Amino acid sequence: MHQRQALAYLGPSSSYSHQAALEYFNRHDYIFEAQGTIQDIFTGVQSGSASLGVVPFENSTNGSVVFSLDLFADRERTYRDIHICGETYLNVHHNLLGFASTGVSSDASPGGSGDATPTNGPRSNERQAAHGKPVTKPLASLSHIRRLYSHPQAFGQCEAFLSRYLNRVERQEVSSTSKAAELVAQDKTNSSAAIASKVAAEIHGLDTLARGIEDREDNTTRFLVIRKGEETAEPVAADEVDSRERRANYKTMVTFTIEDGVPGSLTDALMVFREHDLNLTGINSRPSRLTPWNYVFFLEFEGSRLSDPSGRVNSALEALGKVAKTWRWLGSWKAAKVTSD
Ligand SMILES: O=C(O)C(=O)Cc1ccccc1
C-alpha cells in the first residue's frame, strides 16, 4: 500500500484555504495537515515534512495576500527549493458568525454595533456594493457585538457591510477566518463575532448573524499550490506547434530585482516579454528590504518553462537574466479555469 503524503494548508479546518485544497485535491490521496500560518506552510514544504502546500495568493476584491508575496520574495533564501506547481480559484462568500442575542432585538445602543436592522429577507439583487452601500442586511441584532475577529483579507473584502453595521466595533486580525470562528465559539461572553465561512459556522456551532457580507458577489480568491523542487519538463513532440492559445494553458511566475537608479532598467525587463510575444498576466512588487524604495518585482505570464515547444519561454528567461540584477523562476503550472457560482 502506498504511503499517503502530507498536504499543508492554512488552518484550522474550515478555512477557505482548507476548502480550496479540498476542491483541488482528492481528500483520500493526501493527509491534510492544518498549519497555523502561511509561513508554516512554506517551512513544512521546504523541510520536506509536507509534499505540497496550498497558500492564498490574491483576491479579486482586495488584491494581493502580502504574507504570501513576502514568502515568495524569499529575501533570505530560506525557501530556495519551493516552486509553484498549480493554482485554484475559490468563490468566497463571507458570513458574520456569532451568537444571536436573546432578548431585545433592534437596539442601536451607544458604543455598540449601532443600527443593525434584522431582516429575514433575501439578499438584494444588486451584484455589488454600490458606492459603499452594503449588499446585504443583518439577520439578527448586532448590538451586543463588541469585538470582531477575522483574517485581514476578509476585513478588506467586507468594508461596506462593516462600515454600515459594525462601524465602531474593535477589529482583531487573526491568522485565518476559521481561527476567528474558533475564538468566537470559545468566548463565553457571546459578545464577539467572526467573519468566516458557512462551513466554519457548522463546525463551531455558531449562529449566522448576516449572510453574504462580501462587497462583491463575484469575490474570488486564487490559491497557489507549492512543492519542493522542480517538476520534470513535459516531453514535447517534435512537431508540436507553439501558439498563444497553447501558452494560455500555462502560467509562469518569476521574481527579479533591478539596478537602483538606472533609468529604463524596469522597462528593459518588461520589454523582454513583449519581444518574446509572451502575455503578461500579473505584476506585483514588495520592498526588497535592502534599501528603502528598492523592490522585488513579481511577474506572471502565459507559457511554461517545462512545456515550451519553441523554446520561447526559456529564451525570455535567459534574456531577463541579462537585464535584471537578480532573478528567480518560481514555477510553471497548468492554468486553472476561473469559476463562478
Ligand atoms: O482565513 C482563511 O480562511 C484563509 O484561507 C485566508 C483567506 C481569507 C479570506 C479570503 C480568502 C482566504
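Residues numbered from 1 in each chain as written. Predicted model: local features only at pLDDT ≥ 70, side-chain atom pairs only at ≥ 80, totals over all residues. Heavy atoms only, no water.

In the annotation of an unreviewed UniProt entry, the entry for the chain reads prephenate dehydratase, and the organism field reads Xylona heveae. Its UniProt record, at the heading Pathway (unreviewed entry), says of the chain: "Amino-acid biosynthesis; L-phenylalanine biosynthesis; phenylpyruvate from prephenate: step 1/1." (UniProt positions renumbered as here; feature names shortened; annotations may be inferred.)

Re the pairing of strand β6 (residues 95-98)
Every second residue of β6 is oriented toward a common face, with Asn 95 and Leu 97 on one face and Leu 96 and Gly 98 on the other, all of them buried. Pairing geometry for β6 and strand β9 (residues 192-196), over three bridges, is antiparallel. In the strand pairing of β9, Asn 95 is matched with Ala 196. Across four bridges, β6 lies against strand β10 (residues 207-211) in antiparallel orientation. (Buried < 20%, exposed > 50% of the residue type's maximum accessible area, 1.4 Å probe, protein only. Helix = DSSP H or I, 4+ residues; strand = E, 2+ residues; numbered from the N terminus. Pairing = 2+ DSSP bridges.)

Looking at the site of the ligand
In the vicinity of the ligand, the contacting residues are Leu 10, Ser 15, Tyr 16, Ser 17, His 151, Gln 153, Gln 157, Ser 176, Thr 177 and Thr 221. The contact in question runs from an oxygen atom of the ligand to an N or O atom on the side chain of Ser 17, over 2.6 Å. Contacts to the ligand include Thr 177, whose side-chain N or O atom sits 2.5 Å from an oxygen atom. Out of a free accessible area of 310 Å², the ligand has 99% covered by protein chains. If you map the ligand onto the pockets, it falls in the largest cavity. Where the shell around the ligand is concerned, the elements lending two or more residues are α1 (16-24) and α4 (152-157). (Near = heavy atom within 4 Å. Polar contact = N/O pair within 3.5 Å; in protein donor to acceptor, adjacent residues only side chain to side chain. Areas by Shrake-Rupley, 256 points an atom, 1.4 Å probe, with all protein chains shown as cover. 1 Å grid on protein atoms, 1.4 Å probe; cavity = no way out; pocket = protein on both sides within 12 Å on 5 of 7 lines; lining within 4 Å. Sits in = over half its atoms within 2 Å of the grid points.)

What to know about the side chain of Asn 59
Within the secondary structure, Asn 59 sits in strand β3 (residues 52-59). In terms of polar contacts, Asn 59 uses its side chain to reach the backbone amide nitrogen of Thr 61, at 2.7 Å. Asn 59 has contacts with Gln 153, Gln 157, Asn 219, Thr 220 and Thr 221, leaving out every residue within four places of it along the chain. (Contact = heavy atoms within 4.5 Å.)

Observations concerning the sheet that holds strand β14 (residues 295-302)
Taken in spatial order, the four strands make up an open sheet running β13-β14-β12-β15, and their pairing is antiparallel. Two strands in the sheet have a free side with no partner beyond their single neighbour: β13 (280-287) and β15 (326-334). Strand-to-strand twist across the sheet, computed as the mean angle between neighbouring axes with direction ignored, equals 15°. Two elements, strand β12 (residues 250-257) and β15, share eight bridges in a ladder whose sense is antiparallel. Pairing of Thr 255 across the sheet is with Arg 328, part of β15. Across the sheet, helix α9 (residues 265-275) touches β12, β13 and β14, and the angle it forms with β14 is around 15°. (Axes fitted to C-alpha atoms, helices over the stretch in contact; angles between N-to-C directions.)

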